[in-house]
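Residue-level structural notes
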Amino acid sequence: MGNCCSDEMGHAGRHSVGPAAAAAAEAASAAADRFLRSRGAGASTQVELALSASNLGDQEFFTKSNPMVVVYSKSKDGALEELGRTEVIFNSLNPSWNARINVHYQFEVLQPLVFQVYDINPQFHDGSEKMLKVEEQQFLGEAVCLLSEVITKQNRLLTLKLGVSEHNLPNPSKFGELTVQAEESAGSKAIMEMVFRCSDLEIKDLLSKSDPFLLISRISESGVPVPICKTEVRRNDLNPKWKPVILNLQQIGSKENPLIIECFNFSSNGKHDLVGKIVKSVTELEKMYHSQDGESFFVPASTAHDSHSKEVLKSQVYVEKYLENDRHTFLDYISAGCQLNIMVAIDFTASNGNPRLPDSLHYIDPSGRPNAYQRAILEVGDVLQYYDPAKRFPSWGFGARPIDGPVSHCFNLNGSTYQPEVEGIQGIMSAYISALRNVSLAGPTLFDPVISTATAIASQSLASNQKKYFVLLIVTDGVVTDFQETIDAIIKASDFPLSIIVVGVGGADFKEMEFLDPNKGERLESSTGRVASRDMIQFAPMKDVHGSGISTVQSLLAEIPGQFMTYMRTREIQSNC
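Residues numbered from 1 in each chain as written. Predicted model: local features only at pLDDT ≥ 70, side-chain atom pairs only at ≥ 80, totals over all residues. Heavy atoms only, no water.

**What about the overall build of the protein?**
Keep this limit in mind: A helix here means a DSSP run of H or I that spans at least four residues, while a strand means a run of E at least two residues long, and both kinds are numbered starting from the N terminus. Burial here depends on accessible area, computed with a 1.4 Å probe over protein chains only, as a share of the maximum for the residue type. Under 20% is buried, over 50% is exposed, and the range in between is partly exposed. Contacts between residues were defined by any pair of non-hydrogen atoms, one from each residue, lying within 4.5 Å. Accessible surface area values rest on a Shrake-Rupley calculation with a 1.4 Å probe, where residue burial reflects the displayed protein chains alone.
Across its full length, the protein carries eleven helices and 25 strands. Residue burial in the protein is summarised as follows: out of 577 residues, 53% are buried. Expressed as a percentage of contacts within the protein between residues at least 6 apart in sequence, the contacts between residues at least 24 apart total 73%. For the protein, the accessible area works out to roughly 25,300 Å², and carbon and sulfur atoms hold 48% of it.

The structure is reproduced here in structure tokens:
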């Protein structure tokens, strides 16, 4: 899922020149990860849905029904888009269909699915199922669920009651049940691991050697390159050798399909210079490994009138390692019982404004329209809640003065002295509204206490061998004042099963907060000189809008599977948790 590079996160290799250079290289690699995502890469995989039904309603007088299922995805505006349909099973009220429905699973978004079952009229039996007009068939029932509800069930199997929608049924008392089982496509587990190196790269920087990284893209049916992977950045190196790159068969479609491998010189402003590129299939890359021949980079010829002309460079790329095997995926861990548990921390500092006034970020609109804090909680909670069967979420506030008490930088949102957990997402919302009535907004903005508290919970869970990975959502309207303490807390937290999402709300200038996000700033270093063991924190202001309709919060959530997998693999935790 997500970035396919070494450790799933594209961490940089540490050079022998010392920790400062290694930290700078890792910061550059994390920023290059953002470059990869900006070109369209994300956290997704392909799953196949197998369908069966029991006790279907019988609409036939002399024979049993001839059922078929049509599967739709449902957009936010309620529009249905057909994903596929099964074959027709003749004369059966308990069918098990052979056809598989392919669905593109995306962790970071809710994916509603609609299943409609029809009894196919015998006069249409000789035609293709794809050509059938469902409005001409007898409706047997409908079921609705989220794809994540199926994915998170044991054995990825969910049974749904069939019911009636707007259709008129002769016998509405009996609809039966539909069982949905999800299986991740084999192509997502079949991986190819390669190590690339280059020789004689062109110097692109004025005062130093180049800082190269590779970006690998497949070519879509429309001819547009779609990025699927990148290497880490190698600082000040004209003959780089990168950490292993991992591709899966699902990403490339076929070993014969051409891939574009581009070498860029990293730039901190995000405008990376193209050093050169090659176009090769995985099959051809495997042959390069066996022959140990290099392939010269080329660039489009700048003076050529023919757009297909190219300038061949002396710089070459080599495949030093090629290996094929199978690997466990994020969904394997979830299927084995691993859980994602959400924790929430809300900023109650005075800079949010008086909650009773409409211009406050904490204002509760009588119309029910959620404020920015509520939107962030709902966006994260609506996705993650299905990965936590208990749905008991630790929730805190910080930067406020509870009744008759000093300013607290980590108080239980529900007002309890000892128990921070609330029931469900609505429990978080209710506790938040209640807290607004029972605390006085104060300050300053400190993250260390809530991060340390969340880390303690993750540490205790790890010590108890629980199958849990935690996601802490911090929603804030301003810049932290405990910079070094926060960094120290983050670096300690990186050793535990925990990711941190920080969402900035309101109109503040969050430039200084970018130090929290290694995709934007320098690699974090503790007061003792230690760096984080992995990337596990992301920051973005909520006002940022990403392309393709992806919200800020969704783009942050897309990082979680990769961070989860990095933690599991670096600690050699198997998918049976």
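**Overview of the packing of aromatic side chains**
Put simply, the rule reads: Under the pairing criterion, centres of Phe, Tyr and Trp rings, with the six-membered ring standing for Trp, must be within 6.5 Å; the plane angle then separates stacked pairs below 30 degrees from edge-to-face pairs above 60, leaving the rest tilted. Two limits define a charge over a ring: the Lys NZ or Arg CZ must be within 6 Å of the ring centre, and within 35 degrees of the ring normal.
Using the criterion set out here, one finds 13 aromatic pairs in the structure. Ring plane angle 70° and centroid distance 5.3 Å describe the contact between Tyr469 and Phe564, whose orientation is recorded as edge-to-face. Residue Tyr469 is found in strand S23 (residues 468–476), and its partner Phe564 is found in helix H11 (residues 560–570); the two are separated by 95 residues along the sequence. As far as the burial class goes, Tyr469 and Phe564 line up, both buried. With a centroid separation of 5.7 Å and an interplanar angle of 55°, the aromatic rings of Phe510 and Phe539 are classed as tilted. Of this pair, Phe510 sits in the loop between strand S24 (498–504) and strand S25 (537–541) while Phe539 sits in strand S25, and the two are 29 residues apart along the sequence. Take Phe539: its relative accessible area is 1%, and that puts it in the buried class. Each member of the aromatic cluster is reached from another via a ring pair, and the members are Phe107, Phe330, Tyr333, Tyr387, Tyr469, Phe564 and Tyr567. Sitting above the plane of the Phe298 ring, Lys310 keeps its charged end 4.4 Å from the centroid.

**Examining helix H8 (residues 448–463)**
The test is simple: The span expected for a helix works out to 1.5 Å for each residue beyond the first.
For H8, with 16 residues, the first-to-last C-alpha span of 22 Å sits near the 22 Å given by 1.5 Å per residue. Asn465, located one to two residues past H8, shows a positive phi value of around 60°.

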